[in-house]
Amino acid sequence: MKTTIRRRIMLAAILALFLLGFLFPNPHPHFWWQKIPVFDIFFGFFGSILLIVFAKWLGHNWLLKDKDYYNND
Amino acid sequence: MINLPPAFIYIIGALLIPLIRGRRLQQAVALLIPVIAMATLLQMPQGVYWQVQFLDYELILGRVDRLSLLFAYIFVIISFISMIYAIHIKEMGQHVAAYLYVGSTLGVVFAGDLFSLFFFWEIMAAASVFLIWYNKTPTSLMAGFRYAMVHLFGGAILLGGIVMQVSSTGSIAFNPFDLSTLAAKFILFGFLINAAVPPLHAWLPDAYPEGTITGSVFMTAFTTKSAVYVLARSFAGTELLVWLGAIMAVYGVIYAIIEKDIRRLLSYHIVSQVGYMVCAVGLGSEMALNGAGAHAFCHIIYKAVLFMGMGAVIQVTGRRNILDLKGRNLYRQMPITLVLYMVGAFSISAVPLFNGFVSKTMIVAAAGYGHRPVIELMLHLASVGTFLSVGLKLPWGVWFGKADGSEDEIANVKEPPLNMQIGMGLGALLCVITGIFPQTLYKLLPYEVHFHPYTPSHVVASLQLLLLTLAGFCLYIDKLMAGKKSISLDTDWFYRIFGWTVLLFCRYPLNRFRNLVQLAFADKIQIAARLSKHPYALLEIVWYAIIGQEKSMTELLQRPYNEKDYRVPIGIGVCASLIFLFLYALIYMRVAG
């Protein structure tokens, strides 16, 4: 029950920001993506997922080692 | 107030503290020093003064302009706040190290020449390493050694650059450098080590989590930001820095996502945030340099708050890993620390009304005005990762987190001592004040500011970015929190494993080879050495060989030289010289005739 309410609030907030994005477009866009009013919605969502998946993959396959890795004497 | 360079106010103060009797008085003096320094700063006119004659050169201890004043203000402010946070420490050595560190950083900021810059630069490294060593664990001892080695190496490179610069130009002025010269490249390299630019950054996430709880708060402010200052002073507009900075920003963020040690995670966010500043220095426009200065100012405050918050958690729980903290519902026991930490977290994440928003957006906008699409997107992505790690993952893991039943109790958890709360509170208050009233900060920046952070489109776009980062976090929360205790490889691998391997190679295979060579030649060299002391023995060896008598060579050689053995009647000598004279005469007559 609690999670559904939280989910609804979140969806409502996203929807509100979606509309606000159209109300307040960037007045001085430098690049084409700054002309898209809801660009940051997509960038935030896919950017965070991309970062998590990529970092976790990198950590799992290469960077993360056993905690005794450097105890070399 | 006192006509003394602010650096010396701290350095003399640091040396006075241990001489004072009475703990209350010591604490009072420790808190008074930043106040005196601030009063001095506020009365310092712009210009160049405190010139000192040294050998044939003129050292400048007071090059005061808007850029150096901006950094000096924030360094003094944060030293005051950090000292409040640390004032309960009974070990005076920690305060002495901290104030030597602060003082030398102020020396760097006001240095107008390369010699005094280098002088203070080295004190900075030497003083700060004690803030790690005072933690007194074997890991902090080793981390401190690595920290010292890296900074001494960086200092040596910097000195090499300075010597080349002085010998080629004859001037010790600390002004913008021409990067085409070798000297400037060396100097830049030395600066980049202190700015923690990958791949030269590994000392930072290696050492900062190992420092004392209060010492690390000092460390987050000074070394990297003084490096940003010297870069802004002498390498503004260098294209290389644009890319290095943008890569740094993303690099730190990626490491922070997989990091589980709470202070190491924050350390990677120092790398990331300093990336924004380095990038801005590289962009070099007035707006970008304003952004670099403003972001350094804001970053120093909120990063101190974040380290203070996590330090408080470590202090009361004795734990430093998210995996040992999650699911214990610490928020019930330490709500004040949580709220103050979140102010810092919202600030670093550039939430509107918090100070990161008024400085970070300026740098991103400067990338836009400079027509740098890739850079702008990289910085944007780093913003997403910042909120993800510092704003969401870390507080969720430390104060909340899903319990899975395997949690042990943490005994006696309560808020940290009052002075630590006051330190955090002052930092958080400054975050909010500069966030709500950006003009207070903008007035201090080196150039006039034509930037308005609070436009509706800015605010809406930021909220969109943050809210959807939250959505991504909620979807992947289990993946982020999962994992076991581990360490992440970074470029310190090269000196911790590769360097170690080289050492082992020298110690065993190379040493064995040396032994072999030594054994093979040792007896021959011994013979040669004895023969040189006793050359007549050679004649005897030959003689005994001719007459065929068995005599061992070593026996002949080992006999000490005795003059009497070889003494002959004087007549033989005269006879020999006559024979030689006769031969000479013969040859002479042949040649002449």
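Preceding this section is the structure that the text describes.
Every value quoted in this text rests on a predicted model; they were computed, and no experiment measured them.

How each quantity is defined
- Residues numbered from 1 in each chain as written.
- Chains lettered and ligands numbered in written order.
- Predicted model: local features only at pLDDT ≥ 70, side-chain atom pairs only at ≥ 80, totals over all residues.
- Heavy atoms only, no water.
- Helix = DSSP H or I, 4+ residues; strand = E, 2+ residues; numbered from the N terminus.
- Rg over C-alpha atoms; globule rule 2.2 N^0.38 Å.
- Buried < 20%, exposed > 50% of the residue type's maximum accessible area, 1.4 Å probe, protein only.
- Contact = heavy atoms within 4.5 Å.
- Pairing = 2+ DSSP bridges.
- Salt bridge = Lys/Arg side-chain N within 4 Å of Asp/Glu carboxyl O.
- Buried area = accessible area lost by both parts, 1.4 Å probe.
- Polar contact = N/O pair within 3.5 Å; in protein donor to acceptor, adjacent residues only side chain to side chain.
- Nonpolar A, V, L, I, M, F, W, Y, C, P; charged D, E, K, R; others polar.
- Expected span 1.5 Å × (residues − 1).
- Axes fitted to C-alpha atoms, helices over the stretch in contact; angles between N-to-C directions.
- Left-handed = near helix turned anticlockwise from the far one by under 90°.
- Phe/Tyr/Trp six-rings, centres within 6.5 Å; stacked < 30°, edge-to-face > 60°.
- Parallel < 35°, antiparallel > 145°, perpendicular 65-115°, else oblique.

Visitor: Even after reading the chapter, I still don't get the overall build of chain A, so can you show me in this structure?
Guide: From N to C terminus, chain A includes two helices and one strand. Sequence-ordered secondary structure for chain A, helices as α and strands as β, is α-α-β. Taken over the C-alpha trace, chain A has a radius of gyration of 20 Å; the compact-globule value for 73 residues is 11 Å, which it surpasses by more than 25%. By principal-axis analysis of the C-alpha atoms, chain A measures approximately 65 × 45 × 15 Å.

Visitor: Looking at this structure, how should I read the overall build of chain B?
Guide: From N to C terminus, chain B includes 24 helices and three strands. For a compact globule of 593 residues, the expected C-alpha radius of gyration is about 25 Å, and chain B comes in at 34 Å, more than 25% above that figure. The dimensions of chain B, computed from C-alpha atoms along their principal axes, are 115 × 65 × 60 Å. Burial statistics for chain B: of 593 residues in total, 56% are counted as buried. Pairs at least 24 residues apart make up 80% of the contacts formed inside chain B by residues separated by at least 6 positions.

Visitor: So what exactly am I meant to see when it comes to the environment of B:Leu200 here?
Guide: Residues and elements named next belong to chain B. Inspection of the secondary structure puts Leu-200 in the loop between α7 (182–194) and α8 (203–207). In sequence terms Leu-200 and Gly-190 are 10 residues apart; their C-alpha atoms lie 9.9 Å from each other. The contacts of Leu-200, once residues within four sequence positions are left out, are Phe-189, Leu-192 and Ile-193.

Visitor: Which parts of the structure should I look at to understand the pairing of strand β1 (residues 47–54) of chain B?
Guide: Looking along a regular strand, one sees the side chains alternate between the two faces of the sheet. Pairing analysis gives seven bridges linking β1(B) to strand β2 (residues 57–64) of chain B, with the strands arranged antiparallel. Paired with B:Val48 across the bridge in β2(B) is B:Arg63.

Visitor: Where do I start with unusual backbone geometry in this structure?
Guide: Residues and elements named next belong to chain B. Cis geometry is found at the peptide bond from Pro-198 to Pro-199, where omega equals 5°. One can find Pro-199 in the loop between α7 and α8. Not every positive phi belongs to a glycine, and Lys-136 is a case in point at roughly 60°. Inspection of the secondary structure puts Lys-136 in the loop between α5 (114–133) and α6 (138–169). Phi is positive for His-371, close to 55°, though the residue is something other than glycine. Assessed through its relative accessible area of 57%, His-371 is described here as exposed.

Visitor: Can you help me understand the pairing of β2(B) in this one?
Guide: In terms of burial, β2(B) is largely enclosed, as six of its eight residues are buried. With antiparallel pairing between neighbouring strands as the criterion, β1(B) and β2(B) make up a hairpin whose turn holds two residues, including B:Leu55 at a positive phi of roughly 50°.

Visitor: I'm lost on the pattern of salt bridges in this one. Help?
Guide: Pairing between side chains of opposite charge can happen when their charged atoms approach one another. Residues and elements named next belong to chain B. Taken as a whole, this structure holds 14 salt bridges over all chains when the rule is applied. Residues Arg-320 and Glu-210 are paired through a salt bridge, measuring 3.1 Å at the closest nitrogen-oxygen approach. Taken as a pair, Arg-320 in the loop between α12 (286–317) and α13 (322–325) and Glu-210 in the loop between α8 and α9 (213–234) lie far apart in primary sequence, 110 residues in all. With a relative accessible area of 28%, Arg-320 lands in the partly exposed category. Between Glu-239 and Arg-372 there is a salt bridge, with the nearest N and O atoms lying 2.5 Å from each other. Linking Glu-239 in helix α10 (residues 239–258) with Arg-372 in the loop between α15 (355–369) and α16 (373–399), this pair joins segments that are 133 residues apart in sequence. Overall, the relative accessible area of 42% leaves Glu-239 in the partly exposed class.

Visitor: Quick question: what am I supposed to make of the interface of chain A and chain B here?
Guide: In many reports, interface size means the accessible area that the parts give up when they come together. On the chain B side, the residues contacting the 44 residues of chain A number 49 residues. At the boundary of chain A with chain B, total buried surface from both sides reaches about 4,200 Å², with 76% on carbon and sulfur atoms. Looking only at chain A, the three residues that lose the most surface to chain B are A:Leu51, A:Lys56 and A:Tyr70, adding up to 17% of its buried area. Remark: the boundary between chain A and chain B carries zero salt bridges. Counting every contact that joins chain A to chain B gives nine residue pairs in polar contact (both at pLDDT 80 or more). Sorting the residues of the side of chain A that touches chain B by element identifies α1 (2–23), α2 (39–63) and β1 (64–66) of chain A as the ones contributing at least two each. In terms of residues, the side of chain A that touches chain B owes the most to one element, α2(A), which gives 19 residues. Residues that form the side of chain A that touches chain B fall into these classes: 29 nonpolar, nine polar and six charged. Alignment of β1(A) against strand β3 (residues 486–488) of chain B, held across three bridges, turns out to be antiparallel. Bridged to A:Lys65 within β3(B) is B:Ile487.

Visitor: It is not clear to me how α5(B) should be interpreted in this structure. Could you clarify?
Guide: Three or four residues apart is the spacing at which side chains of an α-helix point the same way, because the helix has 3.6 residues per turn. Here α5(B) is 20 residues long and its end C-alpha atoms lie 29 Å apart, about the 28 Å a rise of 1.5 Å per residue gives. The opening residue of α5(B), the one whose side-chain oxygen lies 3.0 Å from the backbone nitrogen of B:Phe115, is B:Asp113.

Visitor: Looking at this structure, I do not really get the packing of helix α14 (residues 335–348) of chain B against helix α17 (residues 418–436) of chain B. What am I missing?
Guide: Angle between the axes and distance between the axes are the two parameters that describe a pair of packed helices. Residue and element names in this part refer to chain B. Viewed as axis vectors pointing N to C, α14 and α17 meet at an angle of 35°, and their least axial separation amounts to 9 Å. Our pair here, α14 against α17, has a crossing hand that is left-handed. When α14 is examined against α17, the residues Ile-336, Thr-337, Leu-340, Val-343 and Ser-347 are found in contact with a partner set consisting of Gln-421, Met-424, Gly-425, Ala-428, Cys-431 and Val-432. Broken down by class, the residue content of the contact of α14 with α17 amounts to seven nonpolar, four polar and no charged.

Visitor: I'm lost on α7(B) in this one. Help?
Guide: Residues and elements named next belong to chain B. Between its terminal C-alpha atoms α7 stretches 19 Å, which fits the 18 Å expected from 13 residues at 1.5 Å a residue. Every buried residue of α7 is accounted for by Ala-183, Ala-184, Ile-187, Leu-188, Gly-190, Phe-191, Leu-192, Ile-193 and Asn-194. Next to the buried residues of α7 lie α5, α6, α8, α9 and α10. Residue Ala-196 follows α7 closely and has a positive phi angle near 60°.

Visitor: Is there a simple way to think about the packing of aromatic side chains in this case?
Guide: The geometry of an aromatic ring pair is captured by the separation of the ring centres together with the interplanar angle, meaning the angle of the planes. Residues and elements named next belong to chain B. Here the structure, examined in full by the defined rule, presents 37 aromatic pairs over all chains. When the ring of Phe-75 is compared with that of Phe-222, the centres are 5.1 Å apart and the planes differ by 40°; the resulting orientation is tilted. One end of the pair, Phe-75, is in helix α3 (residues 66–86); the other, Phe-222, is in helix α9, with 147 residues separating them in the sequence. No difference in accessibility class separates Phe-75 from Phe-222, as the two residues are buried.

Visitor: What is the right way to read the packing of α3(B) against α17(B) from this model?
Guide: All names here are of chain B. Two elements in contact, α3 and α17, have axes separated by 6 Å at closest approach and are oriented at 155°. The angle between the axes of α3 and α17 places the two elements in the roughly antiparallel class. Taking contact as the criterion, the partners of Ile-77, Ile-81, Ile-84, Tyr-85 and Ala-86 in α3 are, on α17, Asn-419, Met-420, Ile-422, Gly-423, Met-424, Leu-426, Gly-427 and Leu-430. In terms of residue class, the contact of α3 with α17 is built from 10 nonpolar, three polar and no charged.

Structural measurements only, silent on function.
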